[in-house]
Amino acid sequence: VLSNNDGCVIARSDEAKAVGIPMGAPLHEYQDQMKRNGVAVFSSNYALYGDMSARVMESLGRFTPEVEVYSIDEAFLGLEGFDPDILPDHLLKMRQSIRQWTGIPVSVGVAPTKTLAKLANRIAKKYTTDGVYILNDPALMTRILGDIEIEDIWGISKRWGIRLRRMGITSALDLQRASPRQIRQALSVVGERIVHELNGQSCLEIEDVQPKQTIMSSRSFGTMISDLKSIEEAVASYTARAAAKLRHQQSRAGGLYVFIR
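Residues numbered from 1 in each chain as written. Predicted model: local features only at pLDDT ≥ 70, side-chain atom pairs only at ≥ 80, totals over all residues. Heavy atoms only, no water.

1. Some points on the pairing of strand β2 (residues 74–77)
Then step 1. Here 4 bridges tie strand β1 (residues 67–71) to β2, and the two strands are oriented antiparallel to one another. Among the inter-strand pairings, glutamate 68 is bridged to a residue of β2, identified as phenylalanine 76.
Then step 2. Counted between consecutive antiparallel strands, the loop separating β1 from β2 contains 2 residues. (Pairing = 2+ DSSP bridges. Helix = DSSP H or I, 4+ residues; strand = E, 2+ residues; numbered from the N terminus.)

So this is what it looks like as structure tokens:
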């Protein structure tokens, strides 16, 4: 899938990754490689992505009252009070229902904290057949954390990863066993929270979705546009989308800024 001006690659299937097409690759530099390997190329459709995301998030809300929409394709669910014995079947049914209702496959990772849940989700996506993984075995958790690179932990940036590696911390297991106070001094209080989260101590609660303070609806044209009618149609269309988002969160605009470049 290409960026909004069809310039660069912004999403790839596993097959596209396997033939060596990197994220952010300029289309014109890899067109021959794509043709040789039969790679299908699509333009972005952000209106469709937003609509599908909203449908998936709404579907998640039918299975638990606590849903934090983290991004267009990620959400945290609160599962407090669910019977552990029936939870696997409940989550499997949720996954199957979402696939049936929306056509979108999802993976589900369950753990005591958000940070561990992100890691569990990664395991569910890559290493399970049913797409659901519950991280509740301490011995298995230790082995998994030992195999995860420090930069692959949610919240650890590349810059923090370099700093931690200088301290001899190269894996999630190393960070789990590190001194929280030492990590706070080396990184910040956020780093300290990650250590606690890796040890099963929840520091990040499920949050309600807050209304956005700014809403942008902006796109690039795939080709140069010179006629006024096309520009008028684009401005009207994207203004209407921004207004729809505003109404959806029951807000009122304090100002409107329109730009064309």
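2. Looking at the environment of leucine 173
Then step 1. In this structure, leucine 173 sits in helix α8 (residues 172–176).
Then step 2. Sequence spacing of leucine 173 and glutamate 80 is 93 residues, and the spatial spacing of their C-alpha atoms is 26 Å.
Then step 3. Dropping the residues within four chain positions of it, leucine 173 is found in contact with Thr142, Leu145 and Gly146. (Contact = heavy atoms within 4.5 Å.)

3. Focus: the pattern of salt bridges
Then step 1. All chains considered together, the criterion is met by 8 salt bridges.
Then step 2. Across the salt bridge formed by aspartate 152 and arginine 122, the nearest N and O atoms sit 3.4 Å from each other. Taken together, the residues span a long stretch of sequence, with aspartate 152 in the loop between α6 (138–147) and α7 (158–166) and arginine 122 in helix α5 (residues 114–127) at a distance of 30 residues.
Then step 3. Of the charged contacts in the structure, one is a salt bridge between glutamate 151 and arginine 165, with a shortest N-O distance of 2.8 Å. Here glutamate 151, found in the loop between α6 and α7, pairs with arginine 165, found in helix α7; they are 14 residues apart in sequence, far enough to count as distant.
Then step 4. Overall, the relative accessible area of 30% leaves glutamate 151 in the partly exposed class.
Then step 5. Three or more residues joined by partner-sharing salt bridges are found here, namely Glu149, Glu151 and Arg165. (Salt bridge = Lys/Arg side-chain N within 4 Å of Asp/Glu carboxyl O. Buried < 20%, exposed > 50% of the residue type's maximum accessible area, 1.4 Å probe, protein only.)

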